[in-house]
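# Summary of the model geometry
What follows is each chain in one-letter form.
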Amino acid sequence: MSQPESAVADAQAGGRSGQEPLAKLAQRYGLRRAIARPRFPVYLRQLWERRHFILTYATSRNVSKYSSSTLGQLWQVLTPLLNAAIYFLMFGLILGGGKDIENYPAFLLTGMFIFTYTQRTVTAGAKSISSNLSLIRALHFPRASLPLAYTIQELQQLVISMAVLLVLVVITGEMPTWFWLMIPVVLLLQTFFNIGAGLIVARLGATMRDLNQLLPFITRTWLYASGVFFSIQDKVVGSAHLPQWVADVMYLNPAASFIEWMREILIATYRPEFGHHPPPMVWMSCVFWAVFALGFGFWYFWRSEERYGRG
Amino acid sequence: MAELTKELSQVKGDKPAVPGKDAKKRPAPEPSGKRPLDVPTGTPTVIVDDLHIVYRVYGAATDAEKGNAVNALTRILKRQGRPQMKEVHAVKGVTFVAYHGDAIGIVGRNGSGKSTLLRAIAGLLPPHKGAVYTDGQPSLLGVNAALMRELTGERNIVLGCYAMGMTPAEVKEKYQEIVDFSGIDEFVQLPMSTYSSGMGARLRFAISSAKTHDVLLIDEALATGDREFRKKSEARIRQIREQAGTVFLVAHDLRVIEETCNRVIWLHKGKIRMDGDPKEVIAAYNKG
């Protein structure tokens, strides 16, 4: 490589004694800040370009999660089955929670499986940044890939537990109907909500390490407020004599909305033609939460993009 | 080259007092501002301007601190960090300019901020103060953090390649090359946890070095494994260096630095102690 004489001479002449600020020099040569947050649309495009990484990372985590156990991937089916058995034993038989609810097993299982999906995503999302600091400090990628991968990992598990749920629901006496075609729509909306919620807690968890200790309490409270093993209408208005709006507000919380919608689809006696009257705004609430969480989640996470490496 | 010349003359044209070809503000006594003549001193590719890096480390919690939700809640409400959290001021005001064609060695004792500086140049650690300006995206050579021990070598190769940002077509193309280079043969079907440490290191190096970069940052202890693989990987590093525009190399082996670098920066407790010709700096480093 030869150099223009002037450049070499200039180099030899030595020091610039700091007359030009380095920022100006950088600007003149078109250098950019090494760590800068891309504009939001650019960020989303970069994220899309990383889709293969996100998918592979999610699948890899799922595979490695069970690789040390003897039964291996079988646990993906066994875990929801065992959970279902425990919930039924506890709430259905011992506590007798289902006396006033028709087909209580299906009611309970639907609630539990749907709620677990959101709960697990939120719990995993909160750790997605803080437990991957070494990866963040080693490689370049849009950081939202991590919470996204964690959500997709849970989605992969959900596909299996949904299959288990459908089999169990049929065993309890429900017949598949055309309504079942709506199942993927509900799950898709719930996945949107989960992605958004995962992104929000990921940013929070990146700086507030204590969130991980607090989350179990938060999700448990959420579980009780979402009518997973009781009917909100019956208990809140019927037994506790609280005003109707309390029940309505509880129905509008995202977990309860998704659960109620899924129950309407899966359980025949839960549909209006059988005299059940679920709050009419349930599906609107689901759509709202999905759109709102997804949009806000990405924006909120992106705002802090360049700071995740600090821990 | 013609392009570069053109660009330079243009630059010279628009301002007489221009290009500090040597834009280093030298904080430490340094004999001469000369740069070796056999090395292209072209356009700046990396500018580090009064860089400070502070990061947080989380120590192991004692049982009393870990504890209950009430503690955690009060801490969050009071916006306190965890008691065992420490802030480390790893880089304290580093300034230098690297040019196209530079191979810069970074030396210093353990904990002098070498790896942190590399991560900041790569844009992986946000500056506390100051800034790093780069041309293109510098990348750190190494994918270890993305790999999973429980997975087979095969899955790890694919995962590692995607983590470095390759497309599926590139992964397909590079896959066999990586397997061949690492020399792990049929072990590629087994989980990485079953590999010997040498085999693991070979596979990690093979994956990391499968991609080409504009600005490359290499963090020590790369050439591992038996003697044969060492030779192979040294050749690979040389090849990568030739393709890359600017290279930063952190290593404890001073011989490697002297052989491969045209400029050495000596970091001491987060500050530049010396910056210049490899022989001079390394001699001073050995003395001090």
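It should be emphasised that the depicted structure is a prediction, and the values quoted were computed from it without experimental measurement. (Residues numbered from 1 in each chain as written. Chains lettered and ligands numbered in written order. Predicted model: local features only at pLDDT ≥ 70, side-chain atom pairs only at ≥ 80, totals over all residues.)

## Regarding the overall build of chain B
Rules: To qualify as a helix, a DSSP run of H or I must reach at least 4 residues; to qualify as a strand, a run of E must reach at least 2; elements of each kind are numbered from the N terminus. As a rule, residues whose C-beta atom has 12 or fewer other C-beta atoms within 10 Å are exposed, those with 20 or more are buried, and those in between are partly exposed; C-beta atoms are placed from the backbone. Throughout, a residue-residue contact means that the two C-beta atoms, derived from backbone geometry, are no farther apart than 7 Å.
Counting its regular elements, chain B contains 10 helices and 9 strands. Looking at chain B as a whole, 45% of its 288 residues qualify as buried. Summarising the internal contacts of chain B: among those between residues at least 6 apart in sequence, 73% fall at separations of at least 24.

## Let's talk about the overall build of chain A
The number of helices and strands found in chain A is 14 helices and 1 strand. By the burial criterion, 41% of the 311 residues in chain A qualify as buried. Partitioning the intrachain contacts of chain A with sequence separation of at least 6 by distance along the chain shows that 79% fall at a separation of at least 24.

## Thoughts on the sheet that holds strand S5 (residues 139-141) of chain B
All names here are of chain B. Rules: Paired strands, in this sense, are two strands between which DSSP finds at least two bridges. Each axis is a line fitted through C-alpha atoms, taken for helices only over the stretch in contact, and angles between the N-to-C directions span 0 to 180 degrees.
Reading across from one edge, S5-S6-S7-S3-S8-S9 is the order of the 6 strands in this open sheet, with mixed pairing throughout. A strand with exactly one partner marks an edge of an open sheet, and here the two such strands are S5 and strand S9 (271-276). Pairs of neighbouring strands in the sheet enclose a mean axial angle of 20°, with direction left out of account. Pairing between strand S3 (residues 103-107) and strand S7 (residues 246-250): 4 bridges, direction parallel. Looking at the pairing, Ile104 lines up with Phe248 of S7.

## A few points about the environment of B:Glu154
All names here are of chain B. Within the secondary structure, Glu154 is located in helix H5 (residues 153-163). In the structure, Glu154 is positioned 21 residues away from Tyr175 in sequence and 8.6 Å away in space, judged by C-alpha atoms. Residues in contact with Glu154, not counting those within four places in the same chain, are Val188 and Gln189.

## Here we look at the nonpolar core
Inside soluble globular proteins, nonpolar side chains tend to come together where they are buried. For clarity, the cut-off: In this usage, the nonpolar core is the set of buried Ala, Val, Leu, Ile, Met, Phe, Trp, Tyr and Cys residues whose C-beta atoms join them within 7 Å.
The biggest cluster of nonpolar side chains holds 152 residues, and the ones touching the most others in it are B:Ile47, B:Ile106, B:Ile121, B:Leu217, B:Ile218, B:Phe248 and B:Leu249. Considering every element that reaches this core, the biggest residue donor is helix H6 (residues 104-128) of chain A, with 13 residues. With sequence-adjacent residues up to four places away left out, B:Leu249 is seen in contact with B:Ala103, B:Gly105, B:Ile106, B:Ile218, B:Ile257, B:Thr260 and B:Cys261.

## Here we look at the packing of helix H4 (residues 51-66) of chain A against H5(B)
The relative placement of two packed helices comes down to the angle between their axes together with the axis-to-axis distance. For clarity, the cut-off: Here a crossing is taken to be left-handed if its near helix is turned anticlockwise relative to the far helix by less than a right angle, and right-handed if that turn runs clockwise. Each residue is assigned to one class: nonpolar for Ala, Val, Leu, Ile, Met, Phe, Trp, Tyr, Cys and Pro, charged for Asp, Glu, Lys and Arg, and polar for all the others, Gly among them.
One can describe the packing of H4(A) onto H5(B) by two numbers: an axis separation of 9 Å at closest approach and a directional angle of 145°. In this structure, H4(A) meets H5(B) at a crossing whose hand is left-handed. Along the contact surface, H4(A) presents A:His52, A:Phe53, A:Thr56, A:Tyr57 and A:Ser60, while H5(B) presents B:Arg155, B:Val158, B:Leu159, B:Tyr162 and B:Ala163. Its residues assigned to classes, the contact of H4(A) with H5(B) comprises 6 nonpolar, 3 polar and 1 charged.

## What about unusual backbone geometry?
Residue and element names in this part refer to chain B. A positive phi is found at Asp50, a non-glycine position, where the angle reads about 40°. Judged by the 15 C-beta atoms lying within 10 Å of it, Asp50 falls in the partly exposed class. Positive phi, normally seen in glycine, also occurs at Lys269, with a value near 50°. Secondary-structure assignment places Lys269 in the loop between strand S8 (263-268) and S9. Here Lys269 falls in the partly exposed class, since 14 other C-beta atoms lie within 10 Å of it.

## Overview of the confidence of the model for chain A
All names here are of chain A. Under the convention used in this document: By definition, pLDDT measures how confident the predictor is in each residue, and it falls between 0 and 100.
In this model, chain A carries an average pLDDT of 82, and 89% of its residues clear a pLDDT of 70 or more. Across chain A, helix H9 (residues 183-207) holds the top mean pLDDT of 93, while helix H1 (residues 5-13) sits lowest at 37. Segment residues 1-18 is flagged for pLDDT under 50; beyond a separation of four residues in sequence, or across chains, it makes 30 contacts in the model.

## With respect to the packing of H5(B) against helix H6 (residues 168-182) of chain B
All names here are of chain B. To keep it simple, the criterion reads: Angle categories are assigned with fixed cut-offs, so that under 35 degrees is roughly parallel, over 145 is roughly antiparallel, 65 to 115 is roughly perpendicular, and the rest are oblique.
Interaxial distance between H5 and H6 falls to 10 Å at its minimum, and their mutual angle equals 125°. In this view, H5 runs oblique relative to H6, as classed from their interaxial angle. The interaxial crossing formed by H5 with H6 has right-handed handedness. Contact residues: Ile157, Val158, Cys161 and Tyr162 in H5; Val171, Lys174, Tyr175 and Ile178 in H6. Looking at the contact of H5 with H6 residue by residue, the classes come out as 7 nonpolar, no polar and 1 charged.

## Considerations on the pairing of S8(B)
All names here are of chain B. For S8, a buried count of 5 out of 6 residues is recorded, marking the element as mostly surrounded by other parts of the structure. As paired strands, S3 and S8 are joined by 4 bridges and run parallel to one another. Residue pairing for S8: Ile106 is matched across the bridge by Ile265. Sheet topology note: the S8/S9 ladder contains 5 bridges and is antiparallel. Across the sheet, residue Leu267 finds its bridge partner in S9, namely Ile272. Linking S8 to S9, which pair antiparallel, is a turn of 2 residues; within it Lys269 sits at a positive phi near 50°.

## Description of the confidence of the model for chain B
Residues and elements named next belong to chain B. Put simply, chain B has an average pLDDT of 74, and 75% of its residues get 70 or more. The low-confidence segment residues 1-40 (pLDDT under 50) makes 61 contacts with residues lying over four places distant or belonging to another chain. For this predicted complex, the interface confidence comes out at an ipTM of 0.76, alongside a pTM of 0.77.

## Focus: the environment of A:Ile232
All names here are of chain A. Along the chain, Ile232 turns up in helix H11 (residues 232-239). Ile232 sits 113 residues away from Gln119 along the chain, and the two C-alpha atoms are 19 Å apart. Contacts of Ile232, omitting those with residues within four sequence positions, involve Gly227, Ala247, Met250, Tyr251 and Ala256.

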